Amino acid sequence: MNTRSVIAKEIRSGLAPLDELLQGLRLGDNVVWQLDRLEDYPYFAKEFTEQVIRDGYDCVYLRFAAHSAILKERPGLTIIQIDPSPGFDFFAGEVHRIIEERGRSVCYIFDNLSDLVDEWATDESLANFFQITCPYLFQVEAVAYFALTRGQHGHSAIARVRDTTQVLIDVYHIGDKTY
């Protein structure tokens, strides 16, 4: 897929320099944050959440991982817990049911997808989930944030994610600086 939505409606990330670099997000964009440290993800997710809520979008946080919550409860944010332990089919079905129920032009923040490998035991299942979920999010003109932990997945799985998403952002550290 790896194409930007042709819809002109720009979604702001909450970070002006990022919006300038990306020329804004578009309805249908899936954004993957590939991170050295999971503790960087809440910063980006919180800024995005605050911005889209201010701009009048429904915002949903899909909570499924063992790590600490990425976002805290706040007005305008719906937090939905999903248990991935029943397996890929159950989890993917629940996520797709939620997307269908919420309708078009909703913004989603997902927990760190890398945690799904702990439940499902393979990178291939994670990549399969991403490859069936992103096109659906694109179709319903949702904007979604996902995280992946760098170095935790095989090249094949990361290539499948990279080839499916509209935006892949690498966040890494050198010394005490974040890039």
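Residues numbered from 1 in each chain as written. Predicted model: local features only at pLDDT ≥ 70, side-chain atom pairs only at ≥ 80, totals over all residues. Heavy atoms only, no water.

**Student:** Got a sec to walk through helix 3 (residues 88-102)? Specific residues and values, please.
**Tutor:** In a regular helix each residue adds 1.5 Å, so 15 residues correspond to 21 Å; helix 3 covers 21 Å between its end C-alpha atoms and thus fits that length. All of the buried residues along helix 3 are Phe91, Ala92, Val95, His96, Ile98 and Ile99. The buried side chains of helix 3 occupy one side of the element, clustering within an arc of 155° when seen end-on. Structural note: helix 3 exposes Asp89, Glu100 and Glu101 on the side pointing more than 90 degrees away from its buried face. For helix 3, the secondary structure elements touched by its buried residues are strand 4 (59-63), strand 5 (77-81), strand 6 (107-112), helix 4 (115-120) and helix 5 (123-139). Positive backbone phi, approximately 85°, marks Gly103, located one or two places after helix 3. (Helix = DSSP H or I, 4+ residues; strand = E, 2+ residues; numbered from the N terminus. Expected span 1.5 Å × (residues − 1). Buried < 20%, exposed > 50% of the residue type's maximum accessible area, 1.4 Å probe, protein only. Arc of directions from axis to C-beta. Contact = heavy atoms within 4.5 Å.)

**Student:** Tell me about the pattern of salt bridges, and name the residues and values.
**Tutor:** Taken as a whole and judged by the stated rule, the model has nine salt bridges. For Asp55, the salt bridge identified is with Arg12, shortest N-O distance 2.6 Å. With Asp55 in the loop between helix 2 (41-54) and strand 4 and Arg12 in the loop between strand 1 (10-11) and helix 1 (16-22), this pair connects stretches of sequence that are 43 residues apart. By relative accessible area, Arg12 is classed as partly exposed at 38%. Taking the shortest distance from any N to any O, the salt bridge between Arg97 and Glu94 comes out at 2.8 Å. Of the two residues, Arg97 and Glu94 both sit in helix 3, three residues apart, roughly one turn of that helix. Taking the relative accessible area as the measure of exposure, Arg97 reaches 34% and is therefore partly exposed. Judged by relative accessible area, Glu94 falls into the partly exposed class, the value being 22%. Look at the salt bridges and you will find they share partners, linking Asp36, Arg150 and Asp170 into a network. (Salt bridge = Lys/Arg side-chain N within 4 Å of Asp/Glu carboxyl O.)

These figures come from the coordinates and say nothing about function on their own.
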